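Observations on chain architecture
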Amino acid sequence: MNHQNLIYFLPPFSLAVLALVGALVPGWVDAWWFLPFLISAVLIGLPHGAADWGVLRRLVGRESRPTACGCVLIYSLLLVASASAVFLIPALGLGFFLLVSAWHFGGADSHDFQNQFGLKRRKGMLSIVAVSRGALIVTAPFLFRFGDMFGVCESWCAILGAGWIPSHLSDAFEKVLQVVFGLAVVLAAVSVSWILFAGGKKPAVWFALETVLLVASFSVLHPLFALGSYFLCWHSLRHLTHLRALCDVGSRSGWLLRLSGPFMLPSLLAIGALAWGTGSLQSPEQGAITLLIFFAIVTPAHQWLVSREIQSPSPA
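Now for a quick tour of the structure.

The rules behind these values
- Residues numbered from 1 in each chain as written.
- Predicted model: local features only at pLDDT ≥ 70, side-chain atom pairs only at ≥ 80, totals over all residues.
- Heavy atoms only, no water.
- Helix = DSSP H or I, 4+ residues; strand = E, 2+ residues; numbered from the N terminus.
- Expected span 1.5 Å × (residues − 1).
- Bend = angle between axes of the 7 residues up to and from the residue.
- Phe/Tyr/Trp six-rings, centres within 6.5 Å; stacked < 30°, edge-to-face > 60°.
- Buried < 20%, exposed > 50% of the residue type's maximum accessible area, 1.4 Å probe, protein only.
- Lys NZ or Arg CZ within 6 Å of the ring centre and 35° of its normal.
- Core = buried A, V, L, I, M, F, W, Y, C linked by side-chain atoms within 4.5 Å.
- Contact = heavy atoms within 4.5 Å.
- Axes fitted to C-alpha atoms, helices over the stretch in contact; angles between N-to-C directions.
- Parallel < 35°, antiparallel > 145°, perpendicular 65-115°, else oblique.
- Nonpolar A, V, L, I, M, F, W, Y, C, P; charged D, E, K, R; others polar.
- Salt bridge = Lys/Arg side-chain N within 4 Å of Asp/Glu carboxyl O.

Another point: helix α8 (residues 123-144). Between the first and last C-alpha of α8 there are 31 Å, a value that for 22 residues agrees with the 32 Å anticipated at 1.5 Å per step. Taken as a whole, α8 carries its principal kink of about 35° at Val138; the proline Pro141 stands between one and four residues after it.

This part takes up the packing of aromatic side chains. Applying the stated criterion across every chain yields a total of 26 aromatic pairs. Between Phe113 and Phe207, the ring centres sit 5.7 Å apart and the planes meet at 55°, which makes this aromatic pair tilted. Taken as a pair, Phe113 in helix α7 (residues 90-117) and Phe207 in helix α11 (residues 201-220) lie far apart in primary sequence, 94 residues in all. According to the relative accessible area criterion, Phe207 is buried, its value standing at 1%. The cationic tip of Arg238 hangs over the ring face of Tyr8; the distance from NZ or CZ to the ring centre is 3.8 Å.

Bringing the nonpolar core into the picture now. Taken as a class, soluble globular proteins show a tendency for nonpolar side chains to be buried jointly. Counting 54 residues, the largest nonpolar core has Phe37, Trp156, Leu224, Ile293 and Phe295 as its most contacted members. In terms of residues, this core owes the most to one element, helix α15 (residues 284-309), which gives nine residues. Apart from the residues lying within four places of it in its own chain, the contact partners of Phe295 are Phe37, Ser40, Leu46, Phe97 and Phe231. Grouped together as the second largest cluster of nonpolar side chains are 19 residues, Ile7, Ala51, Leu305 and Ile310 included.

Interhelical geometry of α8 versus helix α9 (residues 146-159) gives an angle of 115° and a closest axis separation of 5 Å. With respect to α9, the element α8 is oriented roughly perpendicular. Only Phe146, Met149 and Cys153 of α9 make contact with α8, whose side of the interface consists of Pro141, Phe142 and Phe144. Residue composition of the contact of α8 with α9, grouped by class: six nonpolar, no polar and no charged.

This part is about the pattern of salt bridges. Per the counting criterion, the structure on display carries 10 salt bridges. Between Arg238 and Glu210 there is a salt bridge; the shortest N-O distance is 2.7 Å. On the criterion of sequence distance, the pair formed by Arg238 in helix α12 (residues 223-246) and Glu210 in helix α11 is long-range, its members being 28 residues apart. Comparing Arg238 with Glu210, the two get one shared label, buried. Three or more residues are tied together by salt bridges with common partners; here these are Arg58, Arg62, Glu63, Arg308 and Glu309.

This is the structure in structure tokens:
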């Protein structure tokens, strides 16, 4: 198995192992749910996002000056807009983060899937794959442990000095998420059938297996432990293959940190300042939520850049 295949197929099995561990020692997972997110701050997770520096640098060096300036401006404006939403209307910022995360995770998984199994000409099918996968990843944590996730949302808003949705609306919110999850499962089943007839048995079976593993992990693990594990061991790890192919950074160890360049240290400082300013240094649980708040600020700009430079049908 070559390096690219290993990085593609390893994440689902890693998540399966974590789900098995979680089923055996649920108390440990519930007590340490914040661990994957805190690890991601220095290992793969945050660096893969900070690698936007290397992607932007390549874009600026390749495009004409007006185009390059326009792209940097769009990236910067998205950062400002998302930061404004998060700090001024935290509940709105959280809702927008969930939507962008579904788009980001679903689009990335669909892009990886089409590259791995050579399905690049099946745009309609891959769009359904992206929608089903993204919606499933975002809604599954609420479906299996709604109380825990609702509490996390309340903590998010409390850290930012605001309130989450009123408690009397929680039942309606839960029902909406249940409907979205049900639609995601239906679309996943449609995707499996479509892939089976259009792409063959192997990709259909693998997509079905991935979907089952994701649902299983969210059903037995603490929702944020499962989400953090997906982000760290699945999404970020697979993304590395695209970054190495897109940017000439060599094969020596530490290439990801070099690609992250000046974005990495300021990101860590910004997370620390955010944690200190909001009083979130008191516990690792609050620190993990602070890290999620930082991700909410940077994800829209990151997703725009990824869509343009990596997931575009005709990448520059």
